[in-house]
Amino acid sequence: MSTVSETSFDSLLRENRVFPPNAEFAARAHIKTREQYDAMYRRSIEQPEEFWADAARELDWFEPWTKVLEWEQPWAKWFVGGKLNLSHNCVDRHVQGSRAQKPAIIWEGEPGEVRTLTFAELLTEVQLAASMLKEAGVQKGDRVAIYMGMCPELAIALLACARIGAVHNVIFGGFAAHALVDRINDSGCVAVLTQDGGYRRGGEVKLKPIVDEALKSCPTIRTVIVHRRTGSEVAMTPGRDFWWHELTAKASPNCLAESMDAEDPLFILYTSGTTGKPKGLVHTTGGYAVGTYLTSKYVFDLQEDDVYFCTADIGWITGHSYVVYGPLQNGATVLMYEGAPNWPEPDRFWQIIDRHKVTIFYTAPTAIRAFIKWGDEWVRKYSLASLRLLGTVGEPINPEAWMWFHREIGHERCPIADTWWQTETGGHMIAPIPGAIAAKPGSATVPFFGVDAAVVTKEGEPVPDGHGGLLIIRKPWPSMARTIYGNPERYVAAYWSEIPGAYFTGDGARRDADGYFWLMGRVDDVINVSGHRLGTAEIESALVAHPAVAEAAVVGRPDDLKGQAISAFVTLEEHVTATDDLKQELRKWVAKEIGALARPDDLRFTQTLPKTRSGKIMRRLLRELATTGEVKGDTTTLEDFTVIAKLREQDE
Ligand code: WT7
């Protein structure tokens, strides 16, 4: 590969260091050279059906497909007519093979207990939970909400749903009751799987009481099953609420994996878009299985003796694809941790890596920036010699954080896979194959197999290398979301209308002369706080729901630790007085309505918001004000020029 070839970029990431793959790593990797990647990539683009059929044949199918792809943009069907079960591929396949006694899940609770489940034990647990669901009346195609913490039962819950063909809808345990109500009602869930509470920073995060509050407004829920984790007192509604351990104690130990059509839905996962209402993305069985299987195999280079630790919560897509489905389909040992990275002290992850001899560690840039802040002494207490590969996801990684990760955690030995992808894409899209692709700090590098990525203008015209534009994907891929639940029109409008003939990612990017992609953040009203995606409109609707608020505008501004921080501008109702107490109350209100991660970092009261003559809030100006404290950008379309001065006054 050519070495330093960039000369003219307009991005902040002025980075020209290149880190070739470690030779020792490459020698035992699945893909060992750039040439091998190039040949495989070329085939995956020129003969996608042959390429993906070969990948799919590495999994178990109950009935073969008749056609690999049926594509009528934007509607894709992969492995048409094929029948399989993802729970079978994650668990039974390994028990029938040679992995029955291999640890599937090693779990560490925050208080310190460790539980290991072999694939054989996992199969037992998954069958019991699947029988429990069936016996509770859950049927194939029914939607099941899952609101749990990071414990083995959460992974078991997903696999049990997949086993019987129920569609899981996991709701992150940090979300508030209101968010649960929206997600449960939008998808018409019939049951909720939850737990009494979980441990976080030494305290208990209660989950069941939040479910109880939400269910006052969820008419479709018939059954609640509660996993006992902390043992704290919870209210149980007779006839509706049951204990997981009581149901599984009498459930049938055998539950055959349902034969699912490749295009049967596997799960719905809600994510933020540009309107107030989160989108329920639908992922189907066959394509998602093959996509997460193959990306895990190659991007994490999974080998038989790996112990793989992904720090994401299963409540996000990263946890679905790369805690549960991807690594388990590969028969890998997955390490799951329940709690906070800094409990009881800021060395918890390094202690876990040392204790369990973790070989692959996948985390988020925001976490890395926190580790840097906490200090190297926490890292240096432990041996990290077992590590052989590192990964990041969720937001662009700043080169300084990359270098620290490389030096302090990777000991300049471990390749780093910066993986760009989205809830919508199901699996990695742009990411290095670590034995074959040289890394450049801050770049997610090159497209995965079958991914036809390009950078274009708003009109869809190609942008020359080295210049910024919009990131699009020009060909369908197996793990792509198929639709938005109950709203196919919104799916078409959000992803397939912006740029003719392509999937629009919502991200800005630049490709360099080596074909490497540099992600530049969202170009829409989605913000990324600590790798978590939030819609500004969602936070605005929460604010406006407060009786004191007349109007609200929310923007993201750069933050050293979180990537982006949330700035809110609020106008109050006539009779209401602006006070500091009210500010605090409104910040708390948002946390209560959506969840702590949506709490505005700063909130200012203003008499008016800057709007265009057609009444659109000019967020660009608010972003500038929140970031720099000034507005220098073009204000000619402002309806009222005095607004900016008034906004600034409020700041003093
Ligand atoms: C958005 C998707 C995919 C799992 C985590 C987030 C940003 C994600 C990267 C990366 C630069 C990234 C993008 C994307 N993003 N990974 N490696 N480099 N940006 O999933 O909540 O669906 O968010 O996260 O902006 O569009 P998500």
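Predicted model only: the values in this text are computed from it and were never measured.

What follows concerns the packing of helix α6 (residues 152–164) against helix α11 (residues 317–329). In a packed pair of helices, the relevant descriptors are the angle between the two axes and the axis-to-axis distance. The contact between α6 and α11 brings their axes to 11 Å, and the two run at 60°. Here α6 is positioned oblique relative to α11, judged by the angle of their axes. Crossing handedness for the pair α6 and α11: right-handed. Along the contact surface, α6 presents Ala155, Leu158, Leu159 and Ala162, while α11 presents His320, Val324, Tyr325 and Leu328.

All chains considered together, the criterion is met by 39 aromatic pairs. Note on Phe349 and Phe371: the rings are 5.8 Å apart at their centroids and 75° apart in plane angle, and the pair reads as edge-to-face. Linking Phe349 in helix α12 (residues 348–356) with Phe371 in helix α13 (residues 365–374), this pair joins segments that are 22 residues apart in sequence. Of the two residues, Phe349 and Phe371, both sit in the buried class. Taken together, Tyr37, Tyr41, Phe51, Trp52, Trp61, Trp65, Trp78, Phe79, Tyr298, Phe448 and Phe449 form an aromatic cluster joined through their ring pairs. A cation sits over an aromatic face here: Arg183 above Phe175, 4.5 Å from the ring centre.

Here the focus is the nonpolar core. In this structure, Trp52, Phe79, Leu122, Ile146, Tyr325, Ile433 and Phe449 are the most contacted members of the largest nonpolar core, which totals 126 residues. Top contributing element to this core by residue count: α6, with 10 residues. Setting aside residues up to four positions removed in sequence, Ile146 forms contacts with Leu154, Ala157, Leu158, Cys161, His168, Asn169, Val170, Ile171 and Leu193. Counting residues in hydrophobic clusters, the runner-up holds 45 residues, among them Ala214, Ala542, Ala548 and Leu582.

Turning our attention to α11. Of all 13 residues in α11, 13 are buried, a share of seventy percent or more. Of the residues flanking the end of α11, it is Gly331, one or two places downstream, whose phi is positive at about 70°.

Most of the time, phi is negative for any residue but glycine, and the peptide bond is trans. Omega for the peptide link from Gln73 to Pro74 comes to 0°, which places this bond in the cis form. Tracing the chain through its elements places Pro74 in the loop between β1 (67–72) and β2 (75–80). Across the junction of Trp343 and Pro344, the peptide omega takes the value -5°, indicating a cis bond. Within the chain, Phe79 stands out as a residue other than glycine whose phi angle is a positive 55°. Within the element layout of this structure, Phe79 appears in strand β2. You will see that Glu412, though not glycine, has its phi angle at about 60°, which is positive. Relative accessible area serves as the criterion here: at 57%, Glu412 is assigned to the exposed category.

Turning our attention to the UniProt feature "binding site: Mg(2+)" (unreviewed entry) in the chain. The feature "binding site: Mg(2+)" (unreviewed entry), as annotated in UniProt, sits at Val544, His546 and Val549 in this numbering. In this structure, Val544 sits in helix α17 (residues 536–544). Since its relative accessible area comes to 39%, Val544 is described here as partly exposed. Here Val544 is in contact with Val549, Ala550, Glu551 and Ala552, once residues within four sequence places are set aside. Looking at where His546 falls in the secondary structure, it is placed in the loop between α17 and β28 (549–559). The class for His546 is buried, based on a relative accessible area of 6%. Here His546 is in contact with Leu582, Glu585, Leu586 and Trp589, once residues within four sequence places are set aside.

The sheet built from 8 strands is open, its strands ordered β12-β11-β8-β6-β7-β14-β15-β23 with mixed pairing. The sheet is open, and its two borders are formed by β12 (241–243) and β23 (483–484), each paired with just one other strand. Against the sheet, helix α7 (residues 177–187) engages β6 (143–147), β7 (167–170), β8 (191–195) and β14 (265–271), with an angle of about 145° to β14.

Quick look at the pattern of salt bridges now. All told, the structure shown has 42 salt bridges when counted by the stated rule. Note that Arg388 is salt-bridged to Asp306, the shortest N-O span being 2.9 Å. Here Arg388, found in the loop between α14 (377–380) and β19 (389–393), pairs with Asp306, found in the loop between α10 (285–299) and β16 (307–310); they are 82 residues apart in sequence, far enough to count as distant. Each member of the pair Arg388 and Asp306 is classed as buried. Note that Lys440 and Asp512 form a salt bridge whose closest N and O atoms lie 2.8 Å from each other. Here Asp512 lies in the loop between β24 (503–511) and β25 (517–522) and Lys440 lies in the loop between β20 (416–419) and β21 (453–456), a separation of 72 residues in the sequence. For Lys440, a relative accessible area of 1% gives the class buried.

With that out of the way, let us pick up the site of the ligand. Neighbouring residues of the ligand: 17 residues in total, closest Asp418, Thr419, Thr423, Asp507 and Arg533. In the model, a nitrogen atom of the ligand is placed 3.4 Å from a nitrogen or oxygen of the Glu395 main chain. In the complex, the protein chains occlude 95% of the 550 Å² of accessible area that the ligand would expose alone. Looking at the shell around the ligand, the elements with two or more residues in it are α11, β20 and β25.

What counts, and where the lines are drawn
Residues numbered from 1 in each chain as written. Predicted model: local features only at pLDDT ≥ 70, side-chain atom pairs only at ≥ 80, totals over all residues. Heavy atoms only, no water. Axes fitted to C-alpha atoms, helices over the stretch in contact; angles between N-to-C directions. Helix = DSSP H or I, 4+ residues; strand = E, 2+ residues; numbered from the N terminus. Parallel < 35°, antiparallel > 145°, perpendicular 65-115°, else oblique. Left-handed = near helix turned anticlockwise from the far one by under 90°. Contact = heavy atoms within 4.5 Å. Phe/Tyr/Trp six-rings, centres within 6.5 Å; stacked < 30°, edge-to-face > 60°. Buried < 20%, exposed > 50% of the residue type's maximum accessible area, 1.4 Å probe, protein only. Lys NZ or Arg CZ within 6 Å of the ring centre and 35° of its normal. Core = buried A, V, L, I, M, F, W, Y, C linked by side-chain atoms within 4.5 Å. UniProt positions renumbered as here; feature names shortened; annotations may be inferred. Pairing = 2+ DSSP bridges. Salt bridge = Lys/Arg side-chain N within 4 Å of Asp/Glu carboxyl O. Near = heavy atom within 4 Å. Polar contact = N/O pair within 3.5 Å; in protein donor to acceptor, adjacent residues only side chain to side chain. Areas by Shrake-Rupley, 256 points an atom, 1.4 Å probe, with all protein chains shown as cover.

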